[in-house]
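Spelled out from the first residue to the last, the chains are:
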Amino acid sequence: MKVTEFDGGIVVIAPQGILVEGSATDSFCYELAACNRPEIKHIVLDLTEVVHINAAVKEIIANARRSCLQRGATLTLAGLNKRLIATMVVAHPDLVLNSHPNSELAVQILRAY
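Remember, predicted model here, so these are calculated numbers, not experimental data.

A. Structural detail: the nonpolar core. Ile-43, Leu-45, Ile-61, Leu-75 and Leu-77 are the most contacted members of the largest nonpolar core, which totals 24 residues. Looking at this core, the elements that each hand over two or more residues are β2 (10–14), α1 (23–34), β4 (42–46), β5 (50–53), α2 (55–70), β6 (74–78), α3 (82–91) and α4 (93–97). Residues in contact with Ile-43, not counting those within four places in the same chain, are Val-11, Ile-13, Leu-32, Cys-35, Cys-68, Arg-71, Thr-74, Leu-75 and Thr-76. Counting 7 residues, the second-largest nonpolar core is a separate cluster that includes Val-44, Ala-78, Ala-106 and Val-107.

Structure below.
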């Protein structure tokens with residue numbers, strides 16, 4: 001998993017593979033929770049290299065977004081493939097509608113704020 005911090009309080013978290021259970025999912029949850037700091041204003045989840053996520057991970061992402069919104073921050077998805085869009089849009093269409101094609105574009109847009 002790659003985690004990159006940018007100036008302006010932007011963090012990009014880029015997990016890889018299948019996020020259903022195990023060490024990859026635990027690492028993802030840890031990094032996501034670690035970004036719940038006042039100085040972090042924008043979290044971008046770059047899912048370009050993610051093949052599959054389960055319902056529990058979708059809820060973790062949705063809960064992280066709610067937590068961000070409560071403290072005045074944002075959580076944005078980037079790099080969704082068609083399969084992830086199909087699974088996310090049913091339960092959390094707002095996350096899909098606010099997504100970006102890639103993390104680079106997301107960071108550029110968030111820096112403009």
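Don't stop here, the text continues.
B. Quick look at the sheet that holds β4. Pairing is mixed across the open sheet formed by 4 strands, whose spatial order is β1-β2-β4-β6. Two strands bound the open sheet, and with one partner strand each, they are β1 (2–6) and β6. Pairs of neighbouring strands in the sheet enclose a mean axial angle of 15°, with direction left out of account. The sheet contact formed by β2 and β4 spans 4 bridges and is parallel. From the neighbouring strand, Ile-10 faces β4, where its bridge partner is His-42.

C. Structural detail: the environment of Ala-64. Following the sequence through the fold, Ala-64 ends up in helix α2. When the C-alpha atoms of Ala-64 and Leu-75 are compared, they prove to be 7.5 Å apart, with 11 residues separating the residues in sequence.

Basis of the calculations
Residue positions are given per chain, counted from 1 along the sequence in the order it is written. Where totals are concerned, whole chains, interfaces and linings use all residues; where local detail is concerned, this predicted model gives features only for residues with pLDDT of at least 70, and gives and counts side-chain atom pairs only at 80 or more. Hydrogens and waters are ignored; side-chain quantities use all the structure's heavy atoms. As used in this record, nonpolar core signifies buried Ala, Val, Leu, Ile, Met, Phe, Trp, Tyr and Cys residues forming a set joined through side-chain atoms within 4.5 Å. Accessibility here uses a 1.4 Å probe with only protein chains present; expressed as a share of the type maximum, an area under 20% marks a residue as buried, one over 50% as exposed, and anything in between as partly exposed. A run of H or I in DSSP becomes a helix once it reaches four residues, and a run of E becomes a strand once it reaches two; helices and strands are each numbered from the N terminus. Residues are treated as being in contact if the distance between any of their heavy atoms lies within 4.5 Å. For two strands to be treated as a pair, DSSP must find no fewer than two bridges joining them. The axes are straight lines fitted to the C-alpha atoms, using for helices just the contacting stretch, and the angles between their N-to-C directions are given from 0 to 180°.

Scope: geometric values only; no functional claims are made or implied.
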